[in-house]
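Residue-level structure breakdown
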Amino acid sequence: MKSITQHIIFALILVAALSSCRKVVNNIPLARTDDMAILQGFLNPDADTITIALSVASGVTKDKKTISFTDQKQATVTIEGNGVTKPLQVLKATQTNVIFYLKKTELPILPGATYTVRAANGDKFSLEATTTVPSAAFDFDFETQGPISSPSNGDIYRVKTRVTFHPGALRFCRMDIATEVYDMKFNYTEYYAADETVSATTVNGTIETPAFDPDSATYVFSVSNISEDYYKFVQSMNLVENADGNPFAEPARLYTNVKGGTGVLGSMTVKYKELW
């Protein structure tokens, strides 16, 4: 269920970005005056389910093409991979999106394999996106420093990380620390790109997290090999958020690999270690 929650959060962030930054997003594939369908999903071989979120960015004119909440729920959503196509079922519907799912036993997600997700409902929308799951041929080690006093964040742990991989096996990675203390949960994430040279075999990065008492808190550190589309989407989201409300900012371009709408279909392989 953890992976499902993460996908819902990503979908909510995307809806908010499209709503609040609509004036500066200039690569939307549909007319700005119409409702626009959004597809979002992140395939992970370790997740127990495949989850795909559908949502809508509302248009601004009276005579716009509309996509209703019912239209989203009644969509046909499929995933194709390994020569097999499987339908997804509705898992959950909220005020902002509809989550479709398929148990991974129905269609295993494999490193190196390519998958295509389609979502359609008559003439309302027809979406398609493809991703190739990155290699799992990587590992990482790290050194934890601290507690260190930070003027803006209080005491922190600083985690210096070295990711190692076979040449060409990793291009983009995500470092994430999941912290739980007194029933509260926090996530701290950084993204890095590997050197583009063919001989590159390491990525070095640093991530920080608040320094709670290790006796009352748990820290799980993960490094993910993520697809290029996933990385480009996150980077463009950062640009959109930084440009919001800044009259001197360049118009932000929200990256998408979804045909017929917007959003992203990404993928990853993940490895976990405890900080202590």
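It should be noted that the structure appears before, not after, this text.
Below is a short write-up of the structure. Only a predicted model underlies this, so the values are computations on that prediction, with no experimental measurement involved.

**With respect to the pairing of strand β6 (residues 97–103)**
Every regular strand shows the same layout, with side chains that alternate between the two sheet faces. Burial runs high along β6: five of the seven residues are buried. Here strand β2 (residues 49–57) runs beside β6; their pairing, made up of seven bridges, is antiparallel. By the bridge assignment, Ile50 is partnered in β6 with Leu102. Relative to β6, strand β5 (residues 89–93) runs antiparallel, the two being bridged by four bridges. Its bridge partner being in β6, Val90 is matched across the sheet by Phe100. Linking β5 back to β6 in an antiparallel pair, the connection comprises three residues.

**What about the nonpolar core?**
Generally speaking, soluble globular proteins have nonpolar side chains that are buried together. Among the nonpolar cores identified, the biggest contains 27 residues, and Leu39, Leu54, Val77 and Ile79 are the most heavily contacted of them. Secondary-structure elements contributing two or more residues to this core are β1 (36–43), β2, β3 (76–81), β6, β7 (114–121) and β8 (125–132). Sort the elements by how many residues they give to this core and β2 lands first, with four residues. Dropping the residues within four chain positions of it, Ile79 is found in contact with Leu43, Ile50, Val84, Thr85, Lys86, Leu88, Leu102, Leu107, Ile109, Tyr115, Thr116 and Val117. In terms of nonpolar packing, the next biggest core, distinct from the first, is built from 20 residues, Ile177, Ile207, Ala217 and Tyr219 among them.

Rules used in this analysis
Residues numbered from 1 in each chain as written. Predicted model: local features only at pLDDT ≥ 70, side-chain atom pairs only at ≥ 80, totals over all residues. Heavy atoms only, no water. Buried < 20%, exposed > 50% of the residue type's maximum accessible area, 1.4 Å probe, protein only. Helix = DSSP H or I, 4+ residues; strand = E, 2+ residues; numbered from the N terminus. Pairing = 2+ DSSP bridges. Core = buried A, V, L, I, M, F, W, Y, C linked by side-chain atoms within 4.5 Å. Contact = heavy atoms within 4.5 Å.

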